[in-house]
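What the coordinates show
Okay, here's what each chain looks like letter by letter:
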Amino acid sequence: MGTGCSRSSPFPIRTCSSGRPVETRDVTISIHQRGFSIPSLFLYSRQTVTWRWWEGFHNVFQVVSDNGRLMAVKGGIKSGLQRNAGNFSHEFQIPGCYQFVSQGHNPSVALDIKVIARPPKAVRLSDDGFSPRCLEVKLGETVVWTWNDCCRPQAVRQVCFNSKAGTFCHADERKTITASLVGQRSYTFNSPGIYYFETEPSYVSNMTHLCLVRVRNSAREHRIDISDGGFEPSLVSVTEGDSVWWHWNKRNCQMSHNLREVQVAYGSENTTAIQRVPGGYCSGPAQSRTGACRIVTSHRGVVYYSSDGCADKFCVVAMKPKYTEHVVQFTEEGFRPNLQCVVQGDVVRFKWDTSRLNNDFVVSLVGSCKAGGLGGDEEQLEAHSDPLDGNKIEQLNELGCCVEQIKDVGVYYFQAKTSHDPQHRDLSLIVQPAPQNYDVEVTESGFEPNHLQIYMGDCVWWQWNSRTSLCSVIQVSDRMRPVDGGFGSGPPTSTGAFIHQFGVPGVYFSASEMAQAHQYCVIEVYQKPQLHLIEVTDVDTLPNPLTVCPGDCVCWTWDDIHDFRVEELTTESISVSNSRRSYGRTFSEEGAYHFLFLSTDNSANPTASSIIVERVQSFNTVQLSCAGFTPTVTTVAQGDSVTWLWDEAEELHNVFCVVPPAGGGMSRHLVPMGSPTGFSSGEPSSHGSFTKTFDRPGTVFVSSNGAPACQGVVVVVKDGPCLCDSDHLHVEYFFSRRVPSVFAIYCREINRESSGWLYCSYCLLN
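Small disclaimer: the values here were computed from a predicted structure and weren't measured.

What counts and what doesn't
Residues numbered from 1 in each chain as written. Predicted model: local features only at pLDDT ≥ 70, side-chain atom pairs only at ≥ 80, totals over all residues. Heavy atoms only, no water. Helix = DSSP H or I, 4+ residues; strand = E, 2+ residues; numbered from the N terminus. Buried < 20%, exposed > 50% of the residue type's maximum accessible area, 1.4 Å probe, protein only. Pairing = 2+ DSSP bridges. Axes fitted to C-alpha atoms, helices over the stretch in contact; angles between N-to-C directions. 1 Å grid on protein atoms, 1.4 Å probe; cavity = no way out; pocket = protein on both sides within 12 Å on 5 of 7 lines; lining within 4 Å. Points joined across faces, edges and corners; volume = space filled by probe spheres on them. Nonpolar A, V, L, I, M, F, W, Y, C, P; charged D, E, K, R; others polar.

A few points about the overall build of the chain
Looking only at helices and strands, the chain features two helices and 67 strands. A total of 766 residues make up the chain; the buried ones form 48% of that total.

In structure tokens, the structure reads:
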């Protein structure tokens with residue numbers, strides 16, 4: 001490659017299609033007063049170049065050549081201001097041509113770097129196993145497994161490690177994978193983590209071989225090409241911290257281009273108009289036929305970009321939040337830290353020194369206390385698992401790390417022990433609630449998935465990309481009618497993305513013009529279970545008492561100095577591992593619970609903790625029993641949902657709409673209302689629920705077969721109920737006997753000194 005291009009160690013030289021040599025390892029380039037030590041360089045993607053200079057004031061920055069002019073790339077690769085002696089490194093991810101200059105010498109002499117796609121990493125499979133059997137790759141790299149000299153048919157299947165059962169289960173068992181004597185499988189790793197792949201079991205010993213691939217977490221780069229015809233690709237999903245490159249070249253462009261942030265709005269006669277965002281991003285006022293720019297994403301959201309050279313086209317960048325990685329070190333003394341707080345979706349990476357620990361331990365999930373949730377696939381994983389053998393345990397530890405990502409709120413206990421020291425060492429992992437993200441793809445055939453169960457505060461991302469159809473997402477009722485004031489993505493476009501965060505429990509429906517008729521996405525939003533922390537000391541527990549809701553999880557924590565034994569009054573003593581610094585409990589039943597924390601070495605006085613569990617009645621939730629509806633009258637805003645629950649009732653129930661009583665009062669003669677206005681939950685059932693969205697103002701009467709003489713009322717108002725939804729309000733409903741068409745609502749503030757009665761009334765709208 002010429003003089004001055006230093007390397008840490010000798011390495012092979014390969015050539016590209018043009019015959020030029022391609023560096024296969026990281027490269028160092030020297031900068032002198034005469035310029036760069038080499039004029040050009042060929043690299044594979046994911047290689048790093050380091051520029052070094054020892055004399056003179058230099059820097060390095062990226063440029064692009066347009067008709068012989070070298071122009072700085074906005075947001076491009078650069079080392080900063082000139083300085084005397086320094087170094088600067090950059091890893092090239094995206095194939096393409098890059099040019100660099102330095103202000104310390106002739107700025108018209110550029111260094112040319114051409115980056116080509118990295119070939120996939122090769123793993124050979126034989127009857128004796130994988131070679132290599134552990135490897136590390138970078139995001140976006142591909143691994144190819146090849147076998148051609150096996151005595152028995154082979155296949156490579158992806159498996160998952162279940163840390164609770166200490167076993168592997170098939171991750172792609174739904175796919176048809178046929179074993180063969182000669183074959184190949186490839187996999188591109190687009191997400192960080194540790195991946196496991198397994199061979200077919202042996203006929204004799206039923207033993208399988210394991211291949212481990214670790215993918216390091218790092219920021220990724222994405223490329224969008226601009227031409228006179230638009231953007232390719234026109235929709236890109238990235239995570240915070242990723243970079244997005246835009247490139248345009250005079251070979252593909254007759255027009256001059258730049259990049260601007262735009263917004264899509266309604267134009268005249270309901271057409272779609274692309275408008276510049278005031279103060280938004282702009283690559284520069286000057287346009288060129290060749291150019292480039294880069295944006296490093298820093299916040300969640302959906303952003304549209306366009307170019308003056310193709311002003312009627314745009315591209316969409318959906319920027320999603322990035323999870324946080326926490327590192328826990330495992331040594332001979334145990335986990336450090338041994339108490340770790342994270343939020344839903346975060347990743348915990350366990351690390352250990354392979355030279356100091358024997359490869360005969362497994363980090364396992366030995367216990368958990370989950371807050372009441374929507375369920376998971378834990379049981380399914382255990383049902384399709386195979387036990388570990390000593391060879392696999394040793395191989396698991398060769399990487400020196402393992403990864404856990406927990407998405408349910410709760411307290412989790414991890415444990416590891418070695419053969420030379422069998423003492424248990426526990427890690428208490430506390431997972432707090434946090435907003436989660438769910439993807440929905442919109443196509444001409446509908447939504448995928450078309451049904452979601454999420455919690456309050458979670459976000460749903462709709463994305464669509466069509467060359468033939470226009471699409472937008474709007475909130476509708478269960479009868480496919482648009483909801484006034486509901487969420488929506490705006491004017492229909494061929495490519496787009498839309499994000500909505502759900503803050504109120506209920507059932508929501510979304511529809512799209514591009515999807516087939518009567519196709520919609522159902523989103524059930526539930527109250528998010530909470531996790532409450534209580535600090536235990538040798539003198540007190542804080543806070544005490546603590547009020548929680550059914551389904552919430554409470555976690556008591558203490559420092560390393562103390563060990564406690566937990567006793568719940570009216571029940572037996574609860575034994576807590578001496579190596580744990582926490583105790584978790586999920587409360588499902590209402591009532592008062594009392595606990596004593598006793599020091600195991602009697603070094604501290606007993607401390608008490610009281611938990612009060614009470615159900616907070618949701619404003620849009622109605623309890624149903626043989627006694628009727630509680631509350632009898634529910635007032636909601638147009639577009640909101642009401643959920644009827646009979647999960648604690650012993651009799652069978654359903655919910656159906658009835659004809660309004662004559663005069664607007666209550667009636668014992670209930671007549672079911674037919675279509676298209678009426679609705680029904682179906683046949684009576686036990687321990688069920690039913691949710692209905694109301695998209696029109698008015699009054700709706702309902703009844704149940706389990707309470708045939710009782711009647712419930714839902715009042716739907718256009719501007720929302722006038723009642724404050726504060727927990728400090730006590731609401732009582734009853735019908736006025738003297739004025740059948742008016743019912744009274746009395747609100748009494750019970751937690752304020754100036755308590756009094758307020759009165760307001762609604763007319764029943766038939």
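Some words on the sheet that holds strand S31 (residues 325–331)
Pairing is mixed across the open sheet formed by four strands, whose spatial order is S32-S31-S34-S37. Edge positions in the sheet fall to strand S32 (334–336) and strand S37 (401–405), since each has one partner strand and no second. Recorded for the sheet is a direction-independent mean angle of 25° between the axes of neighbouring strands. Across five bridges, strand S34 (residues 347–351) lies against S37 in antiparallel orientation. Opposite arginine 349, over in S37, you have valine 403 as the bridge partner.

What about the sheet that holds strand S23 (residues 230–232)?
Strand pairing within a sheet occurs via backbone hydrogen bonds; the two strands may be parallel or antiparallel. Strand order in the open sheet formed by four strands is S23-S22-S25-S28, and the pairing between neighbours is mixed. Each having just a single partner strand, S23 and strand S28 (291–296) make up the two edges of the open sheet. When strand polarity is set aside, the average angle formed by the axes of neighbouring strands in this sheet is 25°. Sheet analysis places strand S22 (residues 221–227) next to S23, joined by three bridges and oriented antiparallel. Bridging from a neighbouring strand, aspartate 225 pairs with glutamate 232 of S23.

Points about empty space enclosed by the protein
Picture a little ball the size of a water molecule; that probe, rolled over the atoms, points out where space is still empty. Overall, the coordinates contain three cavities of 30 Å³ or more when judged by the stated rule. By volume, the largest cavity amounts to about 100 Å³. Taken together, 13 residues line the largest cavity, and the ones lying closest to its centre are Phe161, Trp352, Leu396, Asn397 and Cys402. Partitioned by chemical class, the residues of the lining of the largest cavity number 12 nonpolar, one polar and no charged.

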